[in-house]
Structures are given as structure tokens and as C-alpha cells.
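As a plain string of letters, each chain reads:
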Amino acid sequence: MKIGELSQRTDTPVRMLRYYEEQGLIHSERLPNGYRIYEDYVVDRVRQVRGLLEVGLPTRIIKQILPCLDSSRAIYLPYVTPDMIATLEHERDRMAEKIECLTKNHRAINDYLDAVSRDIRDS
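Residues numbered from 1 in each chain as written. Predicted model: local features only at pLDDT ≥ 70, side-chain atom pairs only at ≥ 80, totals over all residues. Heavy atoms only, no water.

Visitor: Even after reading the chapter, I still don't get the overall build of the chain, so can you show me in this structure?
Guide: Per the secondary structure count, the chain includes five helices and two strands. Its helices and strands in sequence order give the chain the pattern α-α-β-β-α-α-α, from N to C terminus. The C-alpha radius of gyration of the chain comes to 20 Å, more than 25% above the 14 Å expected for a compact globule of 123 residues. With the C-alpha coordinates aligned to their principal axes, the bounding extent of the chain is approximately 65 × 40 × 25 Å. The buried share among the 123 residues of the chain stands at 24%. A separation threshold of at least 6 residues defines the contact pool for the chain, and within that pool the share at least 24 residues apart is 51%. A total accessible area of about 9,000 Å² is found for the chain, and carbon and sulfur atoms account for 52% of it. (Helix = DSSP H or I, 4+ residues; strand = E, 2+ residues; numbered from the N terminus. Rg over C-alpha atoms; globule rule 2.2 N^0.38 Å. Buried < 20%, exposed > 50% of the residue type's maximum accessible area, 1.4 Å probe, protein only. Contact = heavy atoms within 4.5 Å. Areas by Shrake-Rupley, 256 points an atom, 1.4 Å probe, with all protein chains shown as cover.)

Laid out in C-alpha cells, this is it:
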């Protein structure tokens, strides 16, 4: 797919996709006319990258953990530092807190919808 379609499918600006490619987070093939062509798996990769950026991970760390996104068995990180491990542990803990909050909010909305539905049925 061309970059415009990838942008639409991931709701990511074209400029940001080019930046991801410059940073080595996604890859494309180039046609003779210079157009970028992306494989379908890149849609999921862009979503993963955006999610990691949203929780505060810098692109340099995202690039290092990309193998983990595909397969936890294919991990080789030759430049792991104590700072990187501390950053990842901190971000993991922040993600867990967000998941807990989202789960509670999901449950509350679900309970509200159930109550409203019962009220409507009973009236």
C-alpha cells in the first residue's frame, strides 16, 4: 500500500510515517518513481509504535524493543544499559496503572449501560 493509504488506515499523518521510517521503526520498499510501498503488517507496527510513544517511550528505545513486538524469542539487545532497563520498568508500571484505570472505567460504563437498559426494558 502507498503511504497515503497507510496514513488513513492508521490515522497517522504522512509526515509522522516518514519520521518513523527515518528512525528505523517501519520499513518500505521504493518503486522506480520513488513512491513508498508498505506491506500490510506495517499497519499493526504503526499502531504498536504509536501506543508505545503515547505512554512515553522514546523512539530510540522503541527501536531496540521492536524484536519483542514480533516474537519474544527473537530478542537480542546488545546495548542494554541499566538506564534502559529502568526506563522500561518504569513505563511498564505506568502502563499497568493505565490498564487498571481503563478497566475500572470500562466496568463502570458497562454497569451504567446495563442499568439504563434495565430501566428502559422495565418502563
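Having seen it, we continue.
Visitor: Before we go on, may I ask you to explain the pattern of salt bridges in this structure?
Guide: The full count for this structure, using the stated rule, is seven salt bridges. Here Arg-47 and Asp-44 are joined by a salt bridge, their closest N and O atoms 3.9 Å apart. In this pair, Arg-47 and Asp-44 are both assigned in helix H3 (residues 41–54), three residues apart and thus about one turn of the helix distant. Accessibility expressed as a relative area gives 45% for Arg-47, which makes it partly exposed. Accessibility expressed as a relative area gives 48% for Asp-44, which makes it partly exposed. A salt bridge links Arg-94 to Glu-91; the shortest N-O distance between them is 2.9 Å. Taken together, the residues span about one helical turn, with Arg-94 and Glu-91 both in helix H5 (residues 82–122) at a distance of three residues. Taking the relative accessible area as the measure of exposure, Arg-94 reaches 28% and is therefore partly exposed. What emerges from the salt-bridge pattern is a single network uniting Glu-5, Arg-9 and Asp-40. (Salt bridge = Lys/Arg side-chain N within 4 Å of Asp/Glu carboxyl O.)

Visitor: Explain the side chain of Glu-91 here, please?
Guide: According to the relative accessible area criterion, Glu-91 is buried, its value standing at 6%. Aside from chain neighbours lying at most four places away, what touches Glu-91 is Val-55, Gly-56 and Leu-57.

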